[in-house]
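Each chain, letter by letter, is given below.
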Amino acid sequence: MRTMIPTRAQAAVAHVLYVLATMQLASFYLISARPYLRFWDYMRGAERNPFQQRVLPVALLWPLVHSRWITSAFERLRGLFLPIQRGAYFVVCFFALCIAGYFVLKLYDALSPTRKLWFAVYPAFLYVTLWSYVVIVQQGFFYPYDVLSLTFFTAGIYFIYTRQFWPLFFTVLIGTVNRETTLFLIMIYMIDSCSRQEDMSLALWRRLDVRMMPWLRVAMLTAVWLAIKITLHHIFAANNSAEDAVHVRDNLEKFMPKHWPAVLNICGYVLPVLLLCRKSIAPARFANYLLVVPVWFAVMFVKGILVETRIYGELSGYTAVAAVLLLERYVTRGEREEETAMETAASSLYLK
């Protein structure tokens, strides 16, 4: 199969457009969503749990709002950059989205044998991210750690698929300080390690062989996750934890038909389609990662609010790449069928 490699000019123009589109998305996100946390309480460690325990953004935001040079720049730029905390949020979100997008492109390059739809990958990523974090009718809030979680999760999936354990280890180490959803990366690592069957007709769970599990490495990842979570829980134990609650009763009501449009808005309605087409996604090892979705839903049914579909936002990068791969497979299949039909027609004319 012929690989589609963009020219230098095409790649340069595409990357400029990617940067501009990312700036636009980050701007629209911050203008549209309402901050849920009290900024200065969060910065000094006095916010409510579990939000305060997701503390990594504090280290990134602190120099941005305490540097006289940076705050002066925000005041000159005005608009989106005022108040200064929104300017600081923009800087963090923009660079986090750029890094996440970089790993999305790297993941696609590692997965696609032809790169036929290379031009669609980043736009697909922006589309899914927009719907995950901005197109939310209920609970449309902004949290400083959300886009960073997307970055860590996308990088983690890339390291898992390319079998780079130590970069994954440090991604989990740092990413858990940001948000505890890195636990799902450990689950995906387990799924990837046990993936042995490439027969795409099999159910996803039948493609796994638990005997292949690298238990020592799984234990290392789990231990670092637990150590960070326990430490952060201890540090902020005195904070108000009234919102660190179980939401099962609240979520049962969300199964009413009036909530279906919001509940199914998981990665812009793309992830439910991927689940329906799961046996058509190749490579099979990459498709197997969808096994984490039922576990994710179960955890969020207990600890999250289902209509607040940003709780699945970390899956935006995976969803975008899987969707493009699925489209690419159908395009390739259509081209092959067309070539076969033309060859058959040519043979018939020759015989005549």
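Residues numbered from 1 in each chain as written. Predicted model: local features only at pLDDT ≥ 70, side-chain atom pairs only at ≥ 80, totals over all residues. Heavy atoms only, no water.

Turning to the packing of aromatic side chains, a few remarks are in order. Scanning the entire structure with this criterion turns up 36 aromatic pairs. Look at Tyr 36 and Tyr 143: their rings are 5.5 Å apart centre to centre, the planes differ by 40°, and that puts the pair in the tilted class. Of the two residues, Tyr 36 sits in the loop between β1 (34-35) and α2 (39-43) while Tyr 143 sits in the loop between β2 (141-142) and α7 (146-161), which places them 107 residues apart along the sequence. Ring centres of Tyr 122 and Phe 125 lie 5.7 Å apart, and the angle between their planes is 70°; this geometry places the pair in the edge-to-face category. Here Tyr 122 and its partner Phe 125 are both found in helix α6 (residues 118-133), three residues apart, which amounts to about one turn of the helix. Just as Tyr 122 is buried, Phe 125 falls in that class too. Grouped by ring-pair contacts, the aromatic residues Tyr 29, Phe 39, Trp 40, Tyr 89, Tyr 133 and Phe 142 constitute a single cluster. A cation over an aromatic ring shows up here: Arg 217 above the ring of Phe 165, its NZ or CZ 4.5 Å from the ring centre. Note that Arg 285 overlies the ring of Tyr 161, its terminal NZ or CZ placed 4.0 Å from the centroid. (Phe/Tyr/Trp six-rings, centres within 6.5 Å; stacked < 30°, edge-to-face > 60°. Helix = DSSP H or I, 4+ residues; strand = E, 2+ residues; numbered from the N terminus. Buried < 20%, exposed > 50% of the residue type's maximum accessible area, 1.4 Å probe, protein only. Lys NZ or Arg CZ within 6 Å of the ring centre and 35° of its normal.)

Moving on, we come to helix α9 (residues 183-194). An ideal rise of 1.5 Å per residue puts 16 Å on 12 residues; α9 measures up with 17 Å between its terminal C-alpha atoms. All buried positions along α9 are accounted for by Phe 184, Leu 185, Ile 186, Ile 188, Tyr 189, Ile 191, Asp 192, Ser 193 and Cys 194. Where α9 is buried, its residues contact α7, α8 (165-178), α10 (215-235), α14 (284-287) and α15 (292-303). (Expected span 1.5 Å × (residues − 1). Contact = heavy atoms within 4.5 Å.)

Don't take any of this as a statement about function, it's just geometry.
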